[in-house]
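A look at the structure
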Amino acid sequence: MSRVRSLIAPLVLLAWMLRAPCSGQTGPDRSAPPVPGAAPTLRLPAIQRLKLSNGVRVLLMERHKVPLADVLVVLKGGAGADPALRPGLAHLTAGLLDRGAGSRTALEVSDLEDFLGAQISAGAGWDATQIGINVPVARLSSALGLLSDLVLHPTFPPAEIERVRDEQLTEMLQWRDDPEEIAGTAFPQAVYGTHPYGRRVEGNEASVRAITRDDILRFHAARYSPSDATLVVVGDLTAATALPLLEQAFGSWKADPTARTAAPIPPAPAIASRSIILVDKPDAPQSQIWIGRVGPVRATPDYFPLLIGNTILGGSFSARLNHNLRETKGYTYGAFSVFDYRISTGPFVARAAVQTDKTGPALTEFFHELEGIRGEIPADELSRAKGYTALRFPQGFESDAQVASKIRDLDLYGLPDDYFNTYVSRIEAVTPEQVRAAVQAWIDPRNSVVVVVGDRRKIEPQIRALGLGPIRLRSIEDVLGISKKAPTKKKAPKE
Amino acid sequence: MNVFTRASLTLGILTLAAAATARTGEAATPSPSAPGVPCASDAPARITIPYTEFVLPNGLTVVLHEDHAVPLVAVDVWFHAGSGRETPGRTGFAHLFEHIMFEGSKHVKTGEFDTLLEAAGGDNNGSTNDDRTNYFEIVPSNALDLALFLESDRMGTLLDVMSDARVDQQRDVVKNERRQSYENRPYSGVYLKLPELLYPANHPYHWPTIGSMEDLTAASHEDVAGFFRSYYTPQNASLVIAGDFDTAAARRAVERWFADVPAGKTPPPISAPPAYLAAEKRVTLEDKVQLPRLMMVWLTPAIFRPGDAELDIVASILASGKNSRLYKRLVYEMQIAQDVSANQGSKALASEFSIVVTAREGHGLSEIEKVVQEEIDRIKKEPPAARELERALNGYEADLYRSLESVGSQADILNAYEVQAGRPDYANEDLARHRAIDASDIPSVARRQLPDDARVVVSIVPTGKPELAATGAAAKGGAR
């Protein structure tokens, strides 16, 4: 019955054949669950810090598990630094890079990408623009040539700008159909108002219509600059083999005279009251509930205490929110909470999609848990949350792309060189008092925004009965700022 | 986004909705698929997947694959029963049962399955499709024993603690999963309808894996017991462990923990009437959406059967990348569609080949269908260009590498190959069967498997706009 294919297997098979048959065994001791022994340590290869001849920084890690490589070009300043009248500019610009670059048309770029078995990803996040390529390492040289064309020599053909603009506008039209997209737009508007984080990375219909080719060319010249760039390289390669290829691809990159680093994003004012935004989605069988407020910056000293506090509240399956709303009450398929860290003050949000007729009871349970986490936390919950966050750390380092994004964050957020190696000890050092203080500072259900997207006719009475605070009614069109008719005459939505 | 899609459900065809360039395969397993025609000088290396396989006295098949890249271990169990083993009146039961598997067993109190794993730094999940149900834990390598304790305890003693209350509680959760993933998600209602359009009433694939609300309401404690005794036996399961462990030690641990799991009966092979479509079926569904969407679906050869690999390639040639035929015409050149996907969704008894196109504003589905039909006609007539084939094959090969990067995905792929092909390291043969495809094979397979007069054509239109549906008239009349 036994089929064995590994090199060491013949010995294993022999050992197994010599063992007594299992039939006489009574079975293992199940009186108590086995207690894991000493935790293993994640041993990462060193991050090699290199430089190209033009000063472009390279962060490289060798990983020899599968014959792939992942290369990221990270440019400081993302959607958070979009001009106030042009939200969506960083996103649209990044989306156009593979629509014509160097001597290649959009279709030729795509043909080469597919032929190489590569995956190109180009997009703007809140804090950076990132252009990446993931490719079988045997084809890295060709892939880097393509990547460098995308970043350094995009041609932004007018016809492609219109194509990408139409795609983006159509995507925005489709957001109307999806309650999660509607809530995901209404929530930041309510929390941040006119602060840049009150927008979406994609901008809005009016801004996407308004962006011109000149805007894009100026933005590219200003922000796609070698002095703001970092190359992150991870994969089945060595510095000795990769550096000449990187030099060839990016060594001649020179800054445009108009290049300038994005201005820092100011912190957003804290939410200082409680209000409810109700967006009507007639006949929806569930309500999207998003509750939250402005959170801390990524560099906050509260980071690790909040990691533990939020893990207990809503950061794992057995966390309080999910345990209560899903496992105990059955109101939802899942409830969770998260701090969305950014360079400036990103949001904290607690979320779930709950069945329509339980919208009121679900809100009651949300607030019960949001208040409860501010109190004394039992020692067993604290130790479980510490174990969970510390011991699952290696799960973020499996694929080349995962590792590259971890290295990117280390660099982007100015985390210390020993951050990965001290991560576990930083969690172990968190005290109950630190968790309590941090949670009380940042999770405050009385000073939060509540966004509910659902069937107003059925849920408004349930919500009013709770007396949570003033209710503002909004329509989907109002939230998304989309008009089907005569769209060019519509102004940008008030935020 | 960090969501507990735990106990999430995967339907073979569901991946289509999400991916604009869907590639292949069975949704539940990160789909291995295909190979590369190497570009001459820089051909990627062939992969090797060393493993040890054995069968315990109680019938449980075990596969061990060492990989020390990170100090993690994945424990992955497949029970060879999915919604195909349900009976009419109890649809959705295999998946409801999956949820109940996390609620505790004789030596694991309710809630402890998660709290014990989380304290040790572990994550877990499960999924159900027509053919199988899988469960997995990803744990630091020091917690392998804990994962084996939990898996073996529920395989051996789930029924010892079963109660009506447990069934009731997860019933409500699953109903909310249905609301979240189907009823309140644009275009997703079609996945509740498609099975009955494709398969006869007595076929195991005739109903959706998520089941009907009525049947979920009717499921009882006795149903749980019966299903467990019939299908959750060690003979009907396979266990794959991948990651950072010593094979000899892991083998001893498996033998220790699973020694007291009693052997049950081996379920009889699943019986299914032949599935075929005798005619073209046209259906229009209204949904709360802005834009209409066309779905064309054929019943095609089961996984690893002749034609299955060719249809992977056809899907890629039609809709993967900007140069794919449908994308290039509908989205890039004519700009009458927002997205296009094509997929050979391979399953054990029959596969489903589908083409999905979402129209742009102002365009109806007949206009879309005309172009789709022209491209189907074309791929039946002439072999694809060498470059089209190479792009498809190179993409498959790179996807396979990517799917082997994490221990969880490794374990699930090895389990899939073990179950579907009889060998956990079948990846190379799977590559080879794709690599063996010649361009001249494609038209005949397309002619045979994608007939115009035996398919399901669904138009999903905005409520109140049935005039946007595909009539087929333009496609057949206007194409030439």
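How each quantity is defined
- Residues numbered from 1 in each chain as written.
- Chains lettered and ligands numbered in written order.
- Predicted model: local features only at pLDDT ≥ 70, side-chain atom pairs only at ≥ 80, totals over all residues.
- Helix = DSSP H or I, 4+ residues; strand = E, 2+ residues; numbered from the N terminus.
- Rg over C-alpha atoms; globule rule 2.2 N^0.38 Å.
- Buried ≥ 20, exposed ≤ 12 C-beta atoms within 10 Å, placed from the backbone.
- Contact = placed C-beta atoms within 7 Å.
- Pairing = 2+ DSSP bridges.
- Axes fitted to C-alpha atoms, helices over the stretch in contact; angles between N-to-C directions.
- Core = buried A, V, L, I, M, F, W, Y, C linked by C-beta atoms within 7 Å.
- Expected span 1.5 Å × (residues − 1).
- Arc of directions from axis to C-beta.
- pLDDT = per-residue confidence, 0-100.
- Nonpolar A, V, L, I, M, F, W, Y, C, P; charged D, E, K, R; others polar.
- Parallel < 35°, antiparallel > 145°, perpendicular 65-115°, else oblique.
- Left-handed = near helix turned anticlockwise from the far one by under 90°.

1. Quick notes on the overall build of chain A
Per the secondary structure count, chain A includes 18 helices and 15 strands. Here the C-alpha atoms of chain A give a radius of gyration of 26 Å, agreeing with the 23 Å that 2.2 N^0.38 yields for 495 residues. For chain A, the spread of C-alpha atoms along the principal axes amounts to about 80 × 65 × 45 Å. Looking at chain A as a whole, 51% of its 495 residues are labelled buried.

2. Side note on the overall build of chain B
In terms of helices and strands, chain B carries 17 helices and 11 strands. Here chain B holds 480 residues, and 62% of them are scored as buried. Considering only contacts within chain B whose residues lie at least 6 apart along the sequence, 80% involve residues at least 24 apart.

3. Focus: the sheet that holds strand β8 (residues 128–136) of chain A
All names here are of chain A. Taken in spatial order, the 6 strands make up an open sheet running β2-β3-β9-β4-β8-β7, and their pairing is mixed. Among the strands making up the open sheet, the edge pair consists of β2 (48–51) and β7 (119–124). On average, each strand axis in the sheet is inclined to that of its neighbour by 15°, with strand direction left out of account. Bridging between β7 and β8 involves 6 bridges; their strand directions are antiparallel. Bridge pairing in β8 places Ile120 opposite Ile133. Along the sheet, helix α4 (residues 140–152) contacts β4 (68–76), β7 and β8; its crossing angle with β8, the most-contacted strand, is approximately 160°.

4. Some points on the environment of B:His203
Residue and element names in this part refer to chain B. Looking at the secondary structure, you find His203 in the loop between α6 (190–198) and α7 (213–218). As a C-alpha pair, His203 and Asp168 span 35 residues in sequence and 28 Å in three-dimensional space. With near-sequence residues (within four places) excluded, His203 lies in contact with Ala272, Pro273 and Ala275.

5. Side note on the nonpolar core
Residues A:Leu147, A:Val451 and B:Ile241 are the most contacted members of the largest nonpolar core, which totals 276 residues. If one sorts the elements of this core by residue count, helix α10 (residues 308–319) of chain B sits on top with 8 residues. Contact partners of A:Val451, with chain neighbours within four places excluded, come to A:Ala183, A:Ala186, A:Phe187, A:Ala190, A:Ile277 and A:Trp290.

6. Brief notes about helix α9 (residues 247–258) of chain B
All names here are of chain B. Look at α9: 16 Å from first C-alpha to last across 12 residues, which is about the 16 Å you get at 1.5 Å a residue. For α9, the complete set of buried residues consists of Thr247, Ala250, Arg251, Ala253, Val254, Trp257 and Phe258. All buried residues of α9 project into a common sector of 160° when viewed along the axis, lining one side.

7. What about the confidence of the model for chain A?
Residue and element names in this part refer to chain A. Chain-level pLDDT for chain A is 92 on average; 92% of the residues reach the 70-or-more range. Within the model, pLDDT remains below 50 along residues 1–24, and this stretch shows 33 contacts once partners closer than five positions in the same chain are excluded. A low-confidence stretch, residues 485–495 stays under pLDDT 50, and its non-local contacts, those more than four residues away or across chains, total 17 contacts.

8. Digging into helix α8 (residues 213–223) of chain A
Residues and elements named next belong to chain A. Every buried residue belonging to α8 is among Phe219, His220 and Arg223, and all of these are buried. Angular distribution of buried residues about the axis of α8 spans 100°; they occupy a single face of the element. Where α8 is buried, its residues meet β4 and α2 (89–96).

9. Details of the interface of chain A and chain B
Counting residues at the interface gives 81 residues for chain A and 82 residues for chain B. Those elements that provide at least two residues to the side of chain A that touches chain B are β1 (3–4), α1 (9–18), α3 (106–115), α5 (158–175), α11 (320–328), β12 (332–339), β13 (347–355) and α13 (379–391) of chain A. Among the residues forming the side of chain A that touches chain B, the class breakdown is 41 nonpolar, 22 polar and 18 charged.

10. A closer look at the sheet that holds strand β10 (residues 275–280) of chain A
Residue and element names in this part refer to chain A. Strand order in the open sheet made by the 6 strands is β12-β13-β11-β14-β10-β15, with mixed pairing throughout. The sheet terminates laterally at β12 and β15 (471–474), the two strands that pair on one side only. Here the strands of the sheet are splayed against their neighbours by 15° on average, with no regard to which way each runs. Alignment of strand β11 (residues 286–294) against strand β14 (residues 449–454), held across 5 bridges, turns out to be antiparallel. Bridge pairing in β14 links Ile289 to Val452. Contacts from helix α10 (residues 303–314) reach β12 and β13 within the one sheet, and its direction differs from that of β12 by about 170°. Here α11 sits on the sheet and contacts β12 and β13; the angle it forms with β12, its principal contact strand, is near 160°.

11. Here's the deal with the packing of α4(A) against helix α9 (residues 239–250) of chain A
Residue and element names in this part refer to chain A. Relative orientation of the contacting elements α4 and α9 amounts to 25°, with a least axis distance of 9 Å. It follows that α4 is roughly parallel to α9 by the angle criterion. In terms of crossing hand, the pair formed by α4 and α9 is right-handed. Only Leu245, Leu246, Ala249 and Phe250 of α9 make contact with α4, whose side of the interface consists of Leu140, Ser141, Leu144, Gly145, Leu147 and Ser148.

12. Observations concerning the confidence of the model for chain B
Residues and elements named next belong to chain B. Mean pLDDT over chain B stands at 89; residues scoring 70 or higher make up 89%. Taken as a whole, residues 1–5 scores under 50 in pLDDT and shows 8 contacts with residues more than four places along the chain or in a different chain. Residue range residues 7–42 is modelled with pLDDT below 50. Its contacts to residues more than four positions away, or to other chains, number 127 contacts. Both scores are given for the predicted complex: the pTM is 0.91, the ipTM 0.89.

13. A closer look at unusual backbone geometry
With a phi close to 65°, A:Asp283 is a non-glycine residue in the positive phi region. With respect to the helices and strands, A:Asp283 occurs in the loop between β10 and β11. Taking the C-beta count within 10 Å as the criterion, A:Asp283 has 12 such neighbours and is therefore assigned exposed. With a phi angle near 55°, B:Gln335 is a residue other than glycine that sits in the positive phi range. Mapped onto the secondary structure, B:Gln335 falls in the loop between α11 (325–333) and β9 (337–345).

14. Focus: the pairing of β11(A)
Residue and element names in this part refer to chain A. Among the 9 residues of β11, 9 are classified as buried, and the element is accordingly described as predominantly covered. Bridging between β11 and β13 involves 9 bridges; their strand directions are antiparallel. Its bridge partner being in β13, Ser287 is matched across the sheet by Val354.

15. With respect to the environment of A:Leu231
As for its position among the elements, A:Leu231 is in strand β9 (residues 229–235). Spatially, the C-alpha atoms of A:Leu231 and A:Asp411 are 10 Å apart, while their sequence positions differ by 180 residues.

16. A look at the pairing of strand β2 (residues 61–66) of chain B
Residue and element names in this part refer to chain B. Across the 6 residues of β2, 5 count as buried, placing the element largely inside the fold. Adjacent in sequence and paired antiparallel, strand β1 (residues 52–55) and β2 are bridged by 5 residues, among which Gly59 carries a positive phi angle near 105°. In the sheet, β2 pairs with strand β6 (residues 237–243) via 6 bridges, with the strands oriented parallel. Looking at the pairing, Thr61 lines up with Ser238 of β6.

17. Here's the deal with the environment of A:Glu247
Tracing the backbone shows A:Glu247 in helix α9. The residues contacting A:Glu247, other than those within four sequence positions of it, are A:Leu52 and A:Ser53.

18. Some words on the packing of α10(A) against α13(A)
All names here are of chain A. Remark: α10 packs on α13, axes separated minimally by 9 Å, with the N-to-C direction vectors making an angle of 110°. Taken together, the axis directions place α10 and α13 in an arrangement best described as roughly perpendicular. Facing α10, whose interface residues are Leu307, Ile308, Thr311 and Ile312, α13 presents Glu381, Leu382, Ala385, Lys386, Tyr388 and Thr389. Broken down by class, the residue content of the contact of α10 with α13 amounts to 6 nonpolar, 2 polar and 2 charged.

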